[in-house]
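# Structural overview
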Amino acid sequence: PKGGPYPKCQYHKAPPVFHETAKYWSCCPNKKAYDWETFQEIPGCETGVCTDVKESEGQKQFFGGTDLREQLAGGEKLKSIDDFNKAQAAG
């Protein structure tokens, strides 16, 4: 109904991560699942009022392995194998 009252709901404040066979929420990295049913059963870490309005339109809907590497490297771009080989040859 428009204008409420809206029910309370439990949710995750950050997008999910799908990396290799692991599935988890980026806000709860210690709760990993390896099959879809178990992933869906991970309880939300935040409680709030249900809504269909997104808080942040610019936020990614999910993360993958590349996103995780960028976060860990502090945004540093990975070198190509050719760049690595040139650096090794140059000494």
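Our subject is the structure that appears above.
Residues numbered from 1 in each chain as written. Predicted model: local features only at pLDDT ≥ 70, side-chain atom pairs only at ≥ 80, totals over all residues. Heavy atoms only, no water.

With that settled, the discussion passes to the overall build of the protein. Broken down by element type, the protein carries three helices and five strands. By residue count, 24% of the 91 residues in the protein fall in the buried class. Partitioning the contacts of the protein with sequence separation of at least 6, the portion at a separation of at least 24 is 54%. When the accessible area of the protein is evaluated, it comes to approximately 7400 Å², of which 53% is carbon and sulfur surface. (Helix = DSSP H or I, 4+ residues; strand = E, 2+ residues; numbered from the N terminus. Buried < 20%, exposed > 50% of the residue type's maximum accessible area, 1.4 Å probe, protein only. Contact = heavy atoms within 4.5 Å. Areas by Shrake-Rupley, 256 points an atom, 1.4 Å probe, with all protein chains shown as cover.)

So, on to the pattern of salt bridges. By the definition in use, this model includes one salt bridge. For the salt bridge of E46 with K13, the shortest nitrogen-to-oxygen distance reads 3.9 Å. Here K13 lies in the loop between strand 1 (8-11) and strand 2 (16-19) and E46 lies in strand 5 (residues 46-49), a separation of 33 residues in the sequence. Residue class for E46 comes out partly exposed when judged on its relative accessible area of 26%. (Salt bridge = Lys/Arg side-chain N within 4 Å of Asp/Glu carboxyl O.)

A positive phi is found at E20, a non-glycine position, where the angle reads about 55°. Counting through the fold element by element, E20 comes out in the loop between strand 2 and strand 3 (22-25).

We describe a pair of aromatic rings using the distance from one ring centre to the other and the angle between the two ring planes. Applying the stated criterion across every chain yields a total of four aromatic pairs. Geometrically, the ring pair formed by W25 and F39 is stacked, given 5.3 Å between the ring centres and 15° between the ring planes. Remark: F39 occurs in helix 1 (residues 36-40) and W25 occurs in strand 3; sequence separation between them is 14 residues. The same class applies to W25 and to F39, which are both buried. An angle of 40° between the planes, with centres 5.3 Å apart, marks the rings of W36 and F39 as tilted. Residue W36 and its partner F39 are both found in helix 1; the two are separated by three residues, about one turn of the helix. Among the residues examined, F39 registers a relative accessible area of 5% and is labelled buried. Grouping aromatic residues by their ring pairs yields a cluster made of F18, W25, W36 and F39. Above the face of the Y24 ring, K32 is positioned so that its terminal group lies 4.8 Å from the ring centre. (Phe/Tyr/Trp six-rings, centres within 6.5 Å; stacked < 30°, edge-to-face > 60°. Lys NZ or Arg CZ within 6 Å of the ring centre and 35° of its normal.)

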